Amino acid sequence: MIRRLKGESEGTLTTAKRKNQPGVWAKFWMSFAGLGPLGRVAMGLASWGYPPYYGRVRLAGIRRGCYFVDIDAQLHHPGLTVGPRAFIDERVLIYADVDGGPVEVGESVRLYRDTVIQTGVGGSVYLGPGVRIQTGCFLSAYRGSLRIGRGTGLAPHCRIYTYNHQAYRGTPVVEQPLVSKGGVTIGEHVWIGAGVTIMDGVTIGDGAVIGAGSVVTRDVEADAIVAGVPAKFIKTRECRP
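A few points on the structure. Keep in mind that this is a model prediction, so the values were computed, not measured. Note that residues are indexed from 1 along each chain, following the sequence as it is written. Totals for whole chains, interfaces and linings use all residues, but because this is a predicted model, local features are given only for residues with pLDDT of at least 70 and pairs of side-chain atoms are given and counted only at 80 or more. As a rule here, side-chain values cover all heavy atoms of the structure and leave hydrogens and water aside.

### What to know about the pattern of salt bridges
Next, step 1: Here a salt bridge means any side-chain nitrogen of Lys or Arg lying within 4 Å of a carboxyl oxygen belonging to Asp or Glu. On inspection of all chains with the given rule, the structure shows six salt bridges.
Next, step 2: A salt bridge links Arg56 to Asp70, with the shortest nitrogen-to-oxygen separation between them at 2.9 Å. Taken together, the residues Arg56 in the loop between helix H3 (37-46) and strand E1 (68-69) and Asp70 in the loop between E1 and strand E2 (74-76) connect sequence positions 14 residues apart. With respect to burial, Arg56 and Asp70 carry one shared label: buried.
Next, step 3: Here the salt bridges share partners, and the residues they tie into one network are Asp89, Glu90, Arg91, Arg113 and Asp114. The numbering of helices and of strands both runs from the N terminus, where a helix is a DSSP run of H or I of at least 4 residues and a strand a run of E of at least 2. The buried label goes to any residue with under 20% of its type's maximum accessible area, the exposed label to any with over 50%, and the partly exposed label to all in between, with areas taken from a 1.4 Å probe on protein chains only.

### Quick word on the sheet that holds strand E3 (residues 80-82)
Next, step 1: Criterion used throughout: strands pair if DSSP finds at least two bridges between them. Overall, parallel pairing links the six strands, which are arranged E3-E6-E9-E12-E17-E20 in an open sheet. Sheet topology places E3 and strand E20 (203-204) at the edges, where each strand pairs with a single neighbour.
Next, step 2: Across four bridges, strand E9 (residues 124-127) lies against strand E12 (residues 145-148) in parallel orientation. Residue pairing in the sheet places Leu127 in a bridge with Ile148 of E12.

### Side note on the sheet that holds strand E19 (residues 197-198)
Next, step 1: The strand order across the open sheet formed by seven strands is E2-E5-E8-E11-E14-E19-E22, and the pairing between neighbours is parallel. Both edges of this open sheet fall to E2 and strand E22 (215-216), since each of them pairs with a single strand only.
Next, step 2: Relative to E22, E19 runs parallel, the two being bridged by two bridges. Counterpart to Ile198 in the pairing with E22 is Val216.

### With respect to unusual backbone geometry
Next, step 1: The peptide bond linking Val229 to Pro230 adopts the cis configuration, its omega dihedral lying at -5°.
Next, step 2: Among the secondary structure elements, Pro230 is positioned in the loop between strand E23 (224-227) and strand E24 (232-236).
Next, step 3: Even without glycine at this site, Arg85 takes up a positive phi of about 65°.
Next, step 4: Its location among the elements puts Arg85 in the loop between E3 and strand E4 (87-88).
Next, step 5: According to the relative accessible area criterion, Arg85 is partly exposed, its value standing at 33%.

Given below as structure tokens:
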């Protein structure tokens, strides 16, 4: 429902609503959208006249099966697939190291600026439908898979790793092999606060809430609220009265 301000006419409201809808220019260029060079240029042209950041999200849903990738996003991943209505913002980097596994970006996923997703040998990333990853997050999958379920949200500057270095004495850590405890699995509709770090081997259940600044080193049960360094159980989410 739109509340009309005093003195505001029906015509004014209609004009305001139209301004929030994609115009002919954007619709035309988005008809050529794609991950190839010409498709990327077309998406860049479609974004002219739209504000950055959240202002361009609506371009992802202009037509059936469409998605929007900002022309300044860096996609260096042959195993990348992008679902319909997904949005990849400017300065997002999706990168495959040697023998890096696939990255699957599901329907209506939102990847905001300065996020980095990388895969290396034995690693893969799956982002389920409606996942929202805010600015400055870093997702690194080597030796294990990272799976994030439907509707989960990551606040800015979160870190997720599916591996660790061995740390035997006498050899610099950087020269030691990567090992994994099985990767990271995050359930559906999880909320992860700003600056959270999630370490390899962790499973987070559906509906859990992770407090800002936490370091998660152990499994989190469904609907649990945890926080701290390392993250500890606080309480279970209560039902609405």
